[in-house]
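Chain by chain, the residues:
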Amino acid sequence: MNLKTTLGVGLLMLCEQAAAVPGNLAGGTQISTGSVSLPNAAISAAHNPALLSRALGDAKLGMSGFRLPAIAVEIGPIDDFVDSLERLEAALDEAEADNDVSQAEADDINNQFAQLLVDIGDQANITLDLSMPVPAMPVIFRAGGGLMAVNLDLSATINARVLDAPLNYDAVADTLDTDSAVYLKSGTFTQLGVAYSRTLAPWTLGETTGEWTGGGRLNVIQGKLSRQVAKLDNDANGSDDSAFDRAGDNYDLNEETSIGVGVDVGLGFVSRQLSLGLTVRNLIPPTFDFGELGMDCASKPTVTERIDCDAASVFVTSAEIGAREKFSMDTQAMFEAAYSIADTGFTALASLDLNAIENAAGDDYQWLHLGFSYQGPRWVPGLRLGYRSNLAGAKVDVLAVGLNLFNFLSLEAFQASDRVRYEGDSLPRSAGVSIGFSARF
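Since this is a predicted model, take the numbers as computed values, not measurements.

**Considering a nonpolar patch on the surface**
Thinking step 1. Taken together, the side chains of L192, V194, L218, V220, I259 and V261 define a hydrophobic patch exposed on the protein surface, amounting to about 480 Å² of accessible area.
Thinking step 2. Relative to the elements of secondary structure, I259 occurs in strand β10 (residues 256-271).

Okay, structure coming up:
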């Protein structure tokens, strides 16, 4: 599955039905500022529920306007691994074309690809994350002696990696085969959140006067999760499609839909220049089911599906994957801080996830974010710069930049400092982009 196929599948998943889930889009569509709650930014209402007053400011109503899907891609640290796997498939097909593979041919292919398969299985993968709030969401308004916010978020994550197995030569049948397969995991989520916050108590320390705020959010989440195993050497359908392509084409097979309910709670401190926040996401962790793999293979409708199912059963037997799996949005705490330098328009930002959690694809994430923003007169472009580091999992470091035009159009992008070769091109290991339009009333 090349990068274009990955992006196409991900966009299709998001359009069909796609919940802020952990991944490369640490702040959803807020690429350059992460999950830090920004002043007068309605999109921040999807973060710490205690800081709704900061997101709304002095306005009576805040809404986010319209945002295109934010897209982020991360590629594992193995150069040209997709090309290498496709070369292996081609070598196996060529060697078996006459059903007469010699020991010498088998040894040659094994020498070329045996260690490569192990390395790819250990490190190579492609992960795609997408996130998009429904137009006009979140919406913030004053009610019940405090503030309320409603957000409806769509998100998707898709990961493709390789389950490696040895190359097996059958000297009697003169055949060469491998159970190695592409393993694709995907999840699409629709999250409806209703939040409420209010002032808890005023607080003064020296010249700093502010107030403590508290809040909570109830989230109702629909998740659609899928797993696919596509055997590398499987041309039973007569197609030239690679295992990556076949896994992408069949992403919706074995798809399971389930509903989960989660609760976020937050505590905040807000003053004219300083804001602090502690958020506990998914205090009640919602859980979702994946479809089963490697089971009842004889009943699959096509030869290709039966072969892929048999390959999956090999890895189920070895316990590398489970026949049945679940995904839980585990509890995670996050601390954030923002300090505005008086009369300059500059704000320093920082946030830290206090523990690591997994996303639907099984990748670990724990983000540290540092940055600053500048917002001057309406006619002066706003600027945001950020640095993010994943302290778990792939441990990728990225630099992000954001631009605001006329307090209406937002452009944001990030890329990793590390690079990898993919289909002959040198690309950053991780990159993403977000475009949105916002409004306040």
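Read on for the rest.
**Thoughts on the nonpolar core**
Thinking step 1. Within the largest apolar cluster, 35 residues are counted, with the highest numbers of intra-cluster contacts made by F81, L85, L88, I109, L167 and F244.
Thinking step 2. Broken down by element, the residue count for this core peaks at six residues, all from helix α3 (residues 81-95).
Thinking step 3. Not counting residues up to four positions away in its chain, the partners in contact with L167 are L88, L92, I109, N110, F113, A114, L117, L176, D177 and T178.

**What about helix α6 (residues 303-317)?**
Thinking step 1. The terminal C-alpha atoms of α6 lie 21 Å apart, and with 15 residues this matches the ideal 21 Å at 1.5 Å per residue to within 8%.
Thinking step 2. Every buried residue of α6 is accounted for by T304, D308, C309, A311, A312 and F315. Within α6, the buried residues cover an arc of 160° as seen down the axis, which keeps them to one side.
Thinking step 3. A319 sits one or two positions beyond α6 and adopts a positive phi of about 70°.

**Some words on the packing of aromatic side chains**
Thinking step 1. Scanning all chains against the criterion turns up nine aromatic pairs.
Thinking step 2. With a centroid separation of 6.1 Å and 25° between ring planes, the pair formed by Y365 and W367 is classed as stacked.
Thinking step 3. Given a relative accessible area of 7%, W367 falls into the buried group.
Thinking step 4. Among the aromatic residues, those joined into a ring-pair cluster are F189, F288 and F327.
Thinking step 5. Here R388 stacks its cationic end above the ring of W367, 4.4 Å away from the centre of that ring.
Thinking step 6. One residue, R388, lies across the ring of F414, its end atom 4.8 Å from the ring centre.

**Quick look at the pairing of strand β2 (residues 70-75)**
Thinking step 1. Burial analysis of β2 places five of its six residues in the buried class, which makes it a mostly covered element.
Thinking step 2. When β2 meets strand β3 (residues 125-133), the two strands line up antiparallel, connected through six bridges. In the sheet register, I71 faces β3, and the bridge partner there is L130.

**Some details on unusual backbone geometry**
Thinking step 1. Here M137 and P138 are connected by a cis peptide whose omega angle stands at -5°.
Thinking step 2. Checked against the element boundaries, P138 lands in the loop between β3 and β4 (139-143).
Thinking step 3. Notably, N282 is not glycine yet its phi reads approximately 55°, a positive angle.
Thinking step 4. As for its placement among the helices and strands, N282 is situated in strand β11 (residues 274-284).
Thinking step 5. You can call N282 buried: its relative accessible area is 10%.
Thinking step 6. Although it is not a glycine, A319 sits at a positive phi angle of roughly 70°.
Thinking step 7. Residue A319 is classed as exposed on the basis of its relative accessible area, which comes to 63%.

Definitions and cut-offs
- Residues numbered from 1 in each chain as written.
- Predicted model: local features only at pLDDT ≥ 70, side-chain atom pairs only at ≥ 80, totals over all residues.
- Heavy atoms only, no water.
- Patch = residues over 30% accessible without salt bridge, like charges linked within 9 Å, V, L, I, M, F, W, Y side chains within 5 Å.
- Areas by Shrake-Rupley, 256 points an atom, 1.4 Å probe, with all protein chains shown as cover.
- Salt bridge = Lys/Arg side-chain N within 4 Å of Asp/Glu carboxyl O.
- Helix = DSSP H or I, 4+ residues; strand = E, 2+ residues; numbered from the N terminus.
- Core = buried A, V, L, I, M, F, W, Y, C linked by side-chain atoms within 4.5 Å.
- Buried < 20%, exposed > 50% of the residue type's maximum accessible area, 1.4 Å probe, protein only.
- Contact = heavy atoms within 4.5 Å.
- Expected span 1.5 Å × (residues − 1).
- Arc of directions from axis to C-beta.
- Phe/Tyr/Trp six-rings, centres within 6.5 Å; stacked < 30°, edge-to-face > 60°.
- Lys NZ or Arg CZ within 6 Å of the ring centre and 35° of its normal.
- Pairing = 2+ DSSP bridges.

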